[in-house]
Structures are given as C-alpha cells and as structure tokens.
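The residues making up each chain are set out below.
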Amino acid sequence: MNKLDASAKGVYLIAVTPFTDSGALDLDSTDRMVDFYLDRGATGLTILGILGEATKLTAEESRAFTRQVLRRVNGQVPVVVGASSAGFASMQELTRSVMDMGASGVMIAPAASVRTDDQILAYFDMVNETLGAGVPWVLQDHPVSTGVQMSAPVELKIIRNSPGCVMLKHEDSPGLAKLSAIRAASERGEVRRVSILTGNGGGLFLPEELTRGADGAMTGFAYPEMMVDVCKAHAAGDIEKAHDVFDAYLPLARYEQQAGVGLAVRKHLLKERGAIASAMVRKPGPKLSAADLADIERLTRRQATRLAEIGATGK
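Now for a look at the structure at hand. (Residues numbered from 1 in each chain as written. Predicted model: local features only at pLDDT ≥ 70, side-chain atom pairs only at ≥ 80, totals over all residues. Heavy atoms only, no water.)

### Describing a negative patch on the surface
Residues Glu208, Asp238, Glu240, Asp244 and Asp247 make up a contiguous surface patch of negative charge. Note that aspartate 238 resides in the loop between α10 (224-235) and α11 (239-256). (Patch = residues over 30% accessible without salt bridge, like charges linked within 9 Å, V, L, I, M, F, W, Y side chains within 5 Å. Areas by Shrake-Rupley, 256 points an atom, 1.4 Å probe, with all protein chains shown as cover. Salt bridge = Lys/Arg side-chain N within 4 Å of Asp/Glu carboxyl O. Lys, Arg positive; Asp, Glu negative; His and termini not counted. Charge placed at Lys NZ, Arg CZ, Asp CG, Glu CD. Helix = DSSP H or I, 4+ residues; strand = E, 2+ residues; numbered from the N terminus.)

### Focus on the environment of threonine 146
Tracing the chain through its elements places threonine 146 in helix α5 (residues 143-146). Under the relative-accessibility criterion, threonine 146 is labelled buried at 13%. For the pair formed by threonine 146 and alanine 111, sequence separation is 35 residues and the distance between their alpha carbons is 6.8 Å. (Buried < 20%, exposed > 50% of the residue type's maximum accessible area, 1.4 Å probe, protein only.)

### A closer look at the environment of alanine 59
Position of alanine 59 relative to the elements: it lies in helix α2 (residues 59-73). Spatially, the C-alpha atom of alanine 59 lies 9.2 Å from that of serine 90, the residues being 31 residues apart in sequence.

### Side note on the packing of helix α1 (residues 27-39) against α2
Orientation of α1 relative to α2, taken along the N-to-C sense of each, is 45°, at an axis distance of 9 Å. One finds that α1 runs oblique with respect to α2. Crossing of α1 over α2 shows right-handed handedness. On α2, the residues touching Leu27, Thr30, Asp31, Met33, Val34 and Asp35 of α1 are Ala64, Phe65, Gln68, Val69, Arg72 and Val73. Classifying every residue of the contact of α1 with α2 gives seven nonpolar, two polar and three charged. (Axes fitted to C-alpha atoms, helices over the stretch in contact; angles between N-to-C directions. Parallel < 35°, antiparallel > 145°, perpendicular 65-115°, else oblique. Left-handed = near helix turned anticlockwise from the far one by under 90°. Contact = heavy atoms within 4.5 Å. Nonpolar A, V, L, I, M, F, W, Y, C, P; charged D, E, K, R; others polar.)

### Some words on the nonpolar core
Residues Tyr37, Leu45, Ile108, Phe124, Trp137 and Ile158 are the most contacted members of the largest nonpolar core, which totals 92 residues. Of all the elements, α11 adds the most residues to this core, at eight residues. Residues contacting isoleucine 158, with those up to four places away along its chain left out, are Ile120, Leu121, Phe124, Trp137, Leu139 and Met150. Of all hydrophobic cores here, the second largest spans eleven residues; its members include Ile14, Val80, Met107 and Val166. (Core = buried A, V, L, I, M, F, W, Y, C linked by side-chain atoms within 4.5 Å.)

### Here's the deal with helix α4 (residues 117-131)
Taking 1.5 Å of rise per residue, the 15 residues of α4 would be expected to cover 21 Å, and the 21 Å separating its terminal C-alpha atoms lies within 8% of that figure. For α4, the elements touching its buried residues are α3 (88-101), β4 (105-108), β5 (137-141) and α6 (152-161). (Expected span 1.5 Å × (residues − 1).)

### Some points on the packing of α2 against α3
Following both chains from N to C, one finds α2 and α3 inclined at 25°, their axes separated by 10 Å at the closest point. One element, α2, and the other, α3, form an angle in the roughly parallel class. For the crossing formed where α2 meets α3, the hand is right-handed. Contact with α2, carried on its side by Arg63, Thr66, Arg67 and Leu70, involves Glu93, Ser97, Val98 and Met101 of α3 and no other residues of that element. When its residues are assigned to classes, the contact of α2 with α3 shows three nonpolar, two polar and three charged.

### Notes on the packing of aromatic side chains
The tally for this structure, following the rule as stated, stands at seven aromatic pairs. Both rings, one in tyrosine 123 and one in phenylalanine 124, keep their centres 5.3 Å apart while their planes meet at 85°; by these two values the pair is edge-to-face. For the pair shown, tyrosine 123 and phenylalanine 124 are each scored as buried. Both rings, one in tyrosine 223 and one in tyrosine 249, keep their centres 6.0 Å apart while their planes meet at 45°; by these two values the pair is tilted. Placement of tyrosine 223 in the loop between β8 (216-219) and α10 and of tyrosine 249 in helix α11 is noted, with a sequence separation of 26 residues between them. Grouping residues by exposure puts tyrosine 223 and tyrosine 249 together as buried. Chaining the aromatic ring pairs together yields one cluster made of Phe88, Tyr123, Phe124 and Trp137. (Phe/Tyr/Trp six-rings, centres within 6.5 Å; stacked < 30°, edge-to-face > 60°.)

Encoded structure:
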C-alpha cells in the first residue's frame, strides 16, 4: 500500500465521479479519467470528495468506484478517499473497507453540527478513536461546505492530538494568514510538520499559497496540468513563471468555480477533453445553457492563445 504521510507534496487531483447519460456509475470512464489525470502529472488522487458527488452515491457505489480507481492506479500514486460522515459508524465502515482495498488514507471534515472550539476538538478526538491507529488521515478545512470555522490554534491542537493526521487540506478563504500561521508554528517546533495541500476552488490562490508554505494543491480543475505546472515552476524557484502559467488559466478556472454550476462546467470540459464519456451530473444537479457553452468555448479558445504566447501550451 502507498500509505499517505506528512511528506506528501505536488498535486492531488480531486476526481469527479463519472456517470453515464442515464445517471449510472460509469466504471469504463473511471479508467479513462484516472489515465487522464496521471498523464497530466498528478502526484495523487482524492476521490469521493464534495465535488466527487459522494453524497449522491450509494454505499455499494462508493466501494465499487473506489475499487475501480485503485485497480487502475495500481499503486502508481497515493489515493485518498473522502470518508466524512454524519455518523461515526458509517465513517468507520467506509474507512475500513477502502483501507482494506489499498487506499492510502482518508479525508475527514468536521460535522456541520459542531460549532465551538471545544466541540471541534472533541469531535476529532472521536475521529481518532473511530479510525484507529495506523490509518493516515487528512484534516479538511472547508467552511463553505461544512459551515464550521476552525481557527489556526484549533487546527494546531487537532494536529497535536492526532498522530494519524498527516495532512491539512487548507481551503478556507481568506486563509493565507492562517496557512502562514500553521506553517510558522511547525517551523518553530511547536507542532510536528504535516503536509499542507490547498483547495480554494481550482487553486484560485495557488501561487500565493505556495509562497506561504503550502506543499501543493488538492483540488479539481478540468485542466489539471495548470496546477502541476505551477507547482513545478514554484518548486524550481521560477516564481514569475508560476504566476504566468496560473494567469493564463485563471479566467476559465474562475468560470469553473461558479457556485452551483461549477461541477457541470468541469464535467463538460472533461468530456470535451476525452477524459469521460458523459458530462452527466447526478440529480439534483445543474445543466448548462447554450449561453454557458458559448462562454466556455470562448474562454478555452482565449486560454489556448495565451498559453501559446507564453510558451506553455499544456497537454
């Protein structure tokens, strides 16, 4: 098993879940999608996330999809599985199942019911008990979806209290100051260093987050090579190139991050790029209008022109 650890870096793509036009789970497209992500330089995959439509899958579909991804990846990169749940019994069941299949770790976000700092800390104490020793896990900080605000001091306490927590998925916004504070605390030796991969919708602040000490990105975008190339340029010390590449993709990344319709945009683009056979978003989900499709065509055309201008034509 390619177990997740605190040295993780690079780009862990948040994978979509492919469906057929009728809404059934599409395992053939799952293989195509995995190949697409790996071909574009992903250093890891994260499945059953919020934009993986995890809440729309049955328990059996979640296991079948995980099994298919792991089979196709075949140990080439780590695979993290979202295991957040309203109940600890289902969290434990899914975690044990996917770890037995060969997953590298799981990702856990706080339940929407917790509000105070004490409640948050108590919740993650229960997470540690539920997952048990030997299961590496990712602390997901995404207040837009959970409604839970975790301060830097609270996250540092969670890390101290949780030997199995090896990564923070940072996607609070504004969150650059929080990221800086957490990284500074580890540099001072106040807490062990964990990997920090950032989300924030297609990496909308990725260059700045890398400068603040992030180790890479864990998010989705129909052009994952953007995040790969930005991280590579930044790691090589070419900060201006990292910003130039990022700027070329930004208009489309911004468009893809529209609340409510963004996943439909991403799946449409992934279909156009040959990664999946259908752009179906399982109900309840949005559909793109003719005007939306015209916007996307214009943005992709302008993106290609700009990439050629800076000598970064992508895949």
